[in-house]
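Structural description and commentary
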Amino acid sequence: SLLYARCPELEKNRQSRTPDILLTNADGNYHTLGIKFLEMRLLSTGFKTFTALPGLPAAEILGLAKTLGARAIGVSVSLLPQMKSIRELAGEILKLPEPERPKLILGGMPIKEGLVLPPELKVVACADITKLHL
């Protein structure tokens, strides 16, 4: 809150109703610091964000992304069991017509530790927020 108070220019694109990216945690992930750092980084580079914390079930993430028209969904995973909801979310995204599919970007400790995602899920793994490209 203090950082946003000291950098009010970041507020204009925060919780946007037309975000470039929806940020959230995987269902069951209550570690919010990573997503908050990512949000600030994206806002500082001009992206519009909408952040929903704590984590949401896969269907709610996709529903929110559709409602907002987000072209990307960034999800943080802290533990391997949370990958179940990511697989579910990726599967639902793949059912959408290609022009309507948001890019699914995944980060968090399992990704940093080298988790290899099945290519058929079409999930972009991002181990370092400084290398995230929308």
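Preceding block: the structure.
Here the residue index of a chain counts from 1 through its sequence in written order. The model is predicted, so local features are restricted to residues of pLDDT at least 70 and side-chain atom pairs to those at 80 or more, both for listing and for counting; the totals for chains, interfaces and linings are taken over all residues. To obtain the side-chain values, all non-hydrogen atoms of the structure were used and water was disregarded.

1. With respect to unusual backbone geometry
- In this structure, the amide linkage connecting Leu53 to the following residue, Pro54, adopts the cis form with an omega of 0°.
- Labels follow the DSSP assignment, with helices taken as runs of H or I lasting at least four residues and strands as runs of E lasting at least two, numbered in each case from the N terminus. Tracing the backbone shows Pro54 in strand β2 (residues 49-56).
- Located in the positive-phi region is Gln15, a residue other than glycine, with phi close to 55°.
- Position of Gln15 relative to the elements: it lies in the loop between α1 (2-6) and β1 (21-26).
- Note on classification: 1.4 Å probe, protein chains only; a residue is buried when its accessible area is under 20% of the maximum for its type, exposed when over 50%, partly exposed between these limits. On the basis of relative accessibility, which here comes to 33%, the residue Gln15 falls in the partly exposed class.
- You will see that Lys122, though not glycine, has its phi angle at about 55°, which is positive.

2. Observations regarding the side chain of Asn29
- Along the chain, the position of Asn29 falls in the loop between β1 and α2 (33-44).
- Polar contact is defined as a pair of N or O atoms within 3.5 Å, subject to the rule that within protein one atom must be able to donate a hydrogen and the other to accept it, and that residues adjacent in sequence are counted only when both atoms are side-chain atoms. At 2.9 Å, the side chain of Asn29 forms a polar contact with the backbone oxygen of Ser76.
- Throughout, a residue-residue contact means that at least one pair of heavy atoms, one from each residue, lies within 4.5 Å. In this structure, Asn29 is in contact with Gly55, Ser76, Val77, Ser78 and Gln82, ignoring residues within four places of it in sequence.

3. Section: the layout of surface pockets
- Detection works on a 1 Å grid of protein atoms alone, calling trapped sets that fit a 1.4 Å probe cavities and calling open sets with protein on both sides within 12 Å along at least five of seven lines pockets, with lining residues defined by an atom within 4 Å of a point. Grid points are joined across faces, edges and corners, and a volume is the space filled by probe spheres set on the points. Volume-wise, the largest pocket comes out at about 430 Å³.
- In terms of lining, the largest pocket is formed by 22 residues, of which the most central are Gly34, Ser76, Gly107, Gly108 and Lys112.
- For the lining of the largest pocket, the secondary-structure elements that each account for two or more residues are α2, β3 (72-77), β4 (103-108) and α5 (109-112).
- Looking at side-chain class alone, the lining of the largest pocket contains twelve nonpolar, eight polar and two charged residues.
- Here the second largest pocket is characterised by a volume of approximately 230 Å³.
- Around the second largest pocket sit Ser1, Leu3, Tyr4, Arg14, Gln15, Leu33, Lys36, Phe37, Glu39, Met40, Thr51 and Leu53, which together line it.
- The dominant element in the lining of the second largest pocket, judged by the number of residues it contributes, is α2, at five residues.
- Gly falls in the polar group here, along with every residue not listed as nonpolar (Ala, Val, Leu, Ile, Met, Phe, Trp, Tyr, Cys, Pro) or charged (Asp, Glu, Lys, Arg). Class assignment for the residues of the lining of the second largest pocket results in six nonpolar, three polar and three charged.

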